[in-house]
Amino acid sequence: MVRALLVLVISAGMFTTVRAEILLPDSVEIFLRHTPKDSSYITRLNRLAFDFLKSNPEISRSISRRAMEFSKAIQFTRGFARALNVTGSSYWVTGNYESALNFYHQSARESERIKDRVGLSESYHNMGEVYKKLGDYKKAITFLRTSLEWDTNNFEIALYNIGEAYYLLGKYDSASNYFDRSLSSAIKANNARTIAYAYTGLGKIKHYDKEYYQALAYFTKAERLWKDQGEIRSLVQTYQDFSETFKALGQPTRAMEYVNMAIVLSDELAAPDLQIYNYKQQSKLYADQGDMKNALLAMDKHCMIKDSIYHEKRLEEIARLQASFESGARDIENQQLKATHARQHAQIRTQKLTLIAMSAALIASAIMAWVLFRQRKRVAEVNDLLREKTIEIQDQKEEIEDLNKSLESKIEERTQRLMWQNQKLAEYAHANAHQLRAPVVSILGLLHLIERINLPEEDRILVQQLQVCGKNLDKITQTISRNLEEDLK
């Protein structure tokens, strides 16, 4: 009963999660407010966004988005390209590879426009990594080698990534060769991050060769380096490698320990692609132990997260297409209104010029009538004709003025309608943000009741984690409410 209730709470938390504006740390907010907005400022912003990739990709994405805005404002293309690259990496670490690839392509175009070889190298390198995640290993190798043609600053890590692509292709001799070259070069450069990657790759080769204890030795070295550098995502992947190796050694308990550690860290990182693997591996381990109930629960979580990723990507695509359509429709409507106004303005100007010309003709006719007394009859006929034209022009002028008044009335009516729609949207968003708190408070209440039950230690840890998530979600809804109330004051 308790486990079923826990699953219900988890499901509710997943489906009531909402997107909110990311709250930046106070130090970052102070930096954003009080630092001059120049190229040096944008460079520091991009560096700050890159640093947050390891611990909080959402904050990294928010900072890099601001860097893009300021780069556009001062036309700093190099900073703009770098911000695009970091934004792509913020999607990469959370498993959204399609979005990451899109930003990397944009970054490459901007870097190519200003002949930035370093920026091009980084973009091609990252695109190679995305194609590797998407399973196109040959294309990944091509992009990674191209990145080395533009710049060799990432030489050690590029060698490792090429080796990993060969490993995934099943070409283990080539993979081992690239891993060894990467490790040797990284040790000379004192590049701890790449050393850890190389240890991981060599551990996988040993695992393939069924030299499991040597594989564990390499993974242990990599684990120590990942912890020293705070590389949570890479640490999760190393825990997954540990689990696979212990499973191959026939030690399911140790394998389960590492899967559980990977699950906890993946929750902190909010990386659904890692969780998909974690829960699938956990389900297999439970099944091997004959615990089919927990195996089924783990597989349910695996399927739920996998479906949520697909659903989220569909919603993002629909929102993007809808925004594009609405923007295009508004542009067309505005262009039509501007064209109509321009035509009316041109007609009024033409009529004014005609009035001036006719007035001049009247004066000239009067002078001619005075001078050419003998032609008074003809002049009188001309004057009659001119008077008729003047009346006609006056009538046309009045029609144009009436048309202008009608156009102004339509514009005013449309403006009022838009203001009313915006007010309704604000009211809806305000009500929605307040109503969200009800299920969150319910979840927290349920968790409080569950905590009072005598639970096994592993369930109590899960309840505590759920409480943390619930409180964070409650803070987010409160923040939404405050922001909306402030905006509507």
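Residues numbered from 1 in each chain as written. Predicted model: local features only at pLDDT ≥ 70, side-chain atom pairs only at ≥ 80, totals over all residues. Heavy atoms only, no water.

What follows covers the overall build of the chain. From N to C terminus, the chain includes 18 helices and zero strands. Every one of the 489 residues in the chain was classed for burial, and the buried ones make up 38%. Summed over all atoms, the accessible surface of the chain reaches about 29,000 Å², with 55% contributed by carbon and sulfur. (Helix = DSSP H or I, 4+ residues; strand = E, 2+ residues; numbered from the N terminus. Buried < 20%, exposed > 50% of the residue type's maximum accessible area, 1.4 Å probe, protein only. Areas by Shrake-Rupley, 256 points an atom, 1.4 Å probe, with all protein chains shown as cover.)

Further remarks concern the environment of Ile443. Of note, Ile443 is situated in helix α17 (residues 376-451). Note on Ile443: relative accessible area 10%, which makes it buried. Sequence separation of Ile443 and Leu466 is 23 residues, and the distance between their C-alpha atoms is 9.0 Å.

The phi dihedral of Lys115 falls on the positive side, at around 60°, and the residue is not glycine. Structurally, Lys115 can be placed in the loop between α6 (97-113) and α7 (117-133). The backbone of Asn190 sits at a positive phi, close to 55°, despite the residue not being glycine. As for its placement among the helices and strands, Asn190 is situated in the loop between α10 (172-189) and α11 (192-208).

The next thing to look at is the packing of aromatic side chains. This structure, assessed with the given rule, holds 17 aromatic pairs. Between Tyr167 and Tyr172, the ring centres sit 5.3 Å apart and the planes meet at 75°, which makes this aromatic pair edge-to-face. On the basis of relative accessibility, which here comes to 24%, the residue Tyr172 falls in the partly exposed class. Through successive ring pairs, a cluster of aromatic residues spans Phe219, Tyr239, Phe242, Phe246 and Tyr258. The cationic tip of Arg61 hangs over the ring face of Tyr91; the distance from NZ or CZ to the ring centre is 3.8 Å. Its end group placed over the ring of Trp92, Arg233 keeps NZ or CZ at 5.1 Å from the ring centre. (Phe/Tyr/Trp six-rings, centres within 6.5 Å; stacked < 30°, edge-to-face > 60°. Lys NZ or Arg CZ within 6 Å of the ring centre and 35° of its normal.)

Relative to the 20 Å expected for 14 residues at 1.5 Å per residue, helix α8 (residues 137-150) spans 20 Å between its end C-alpha atoms, a close match to the ideal helical length. Residues of α8 that are buried include every one of Ala140, Ile141, Phe143, Leu144 and Ser147, and no others. Taken end-on, α8 shows its buried residues confined to a sector of 165°, consistent with a single buried face. When the buried face of α8 is taken as reference, the exposed residues oriented beyond 90 degrees from it are Lys138 and Glu149. On its buried face, α8 is in contact with α7 and α9 (155-169). (Expected span 1.5 Å × (residues − 1). Arc of directions from axis to C-beta. Contact = heavy atoms within 4.5 Å.)

Tallied over the entire structure, the rule returns 13 salt bridges. Arg78 is the partner of Asp116 in a salt bridge, and the nearest nitrogen-oxygen pair spans 3.1 Å. Placement of the pair is Asp116 in the loop between α6 and α7 and Arg78 in helix α5 (residues 77-92), with a sequence separation of 38 residues. Exposure remark for Arg78: the relative accessible area of 46% places this residue in the partly exposed category. If you follow the salt bridges from partner to partner, you end up with Glu129, Lys132, Glu164 and Lys204 in one network. (Salt bridge = Lys/Arg side-chain N within 4 Å of Asp/Glu carboxyl O.)

So, about a nonpolar patch on the surface. A cluster of nonpolar side chains, contributed by Ile363, Ile367, Met368, Trp370, Val371 and Leu372, occupies part of the molecular surface with about 670 Å² of accessible area. Checked against the element boundaries, Leu372 lands in the loop between α16 (292-371) and α17. (Patch = residues over 30% accessible without salt bridge, like charges linked within 9 Å, V, L, I, M, F, W, Y side chains within 5 Å.)

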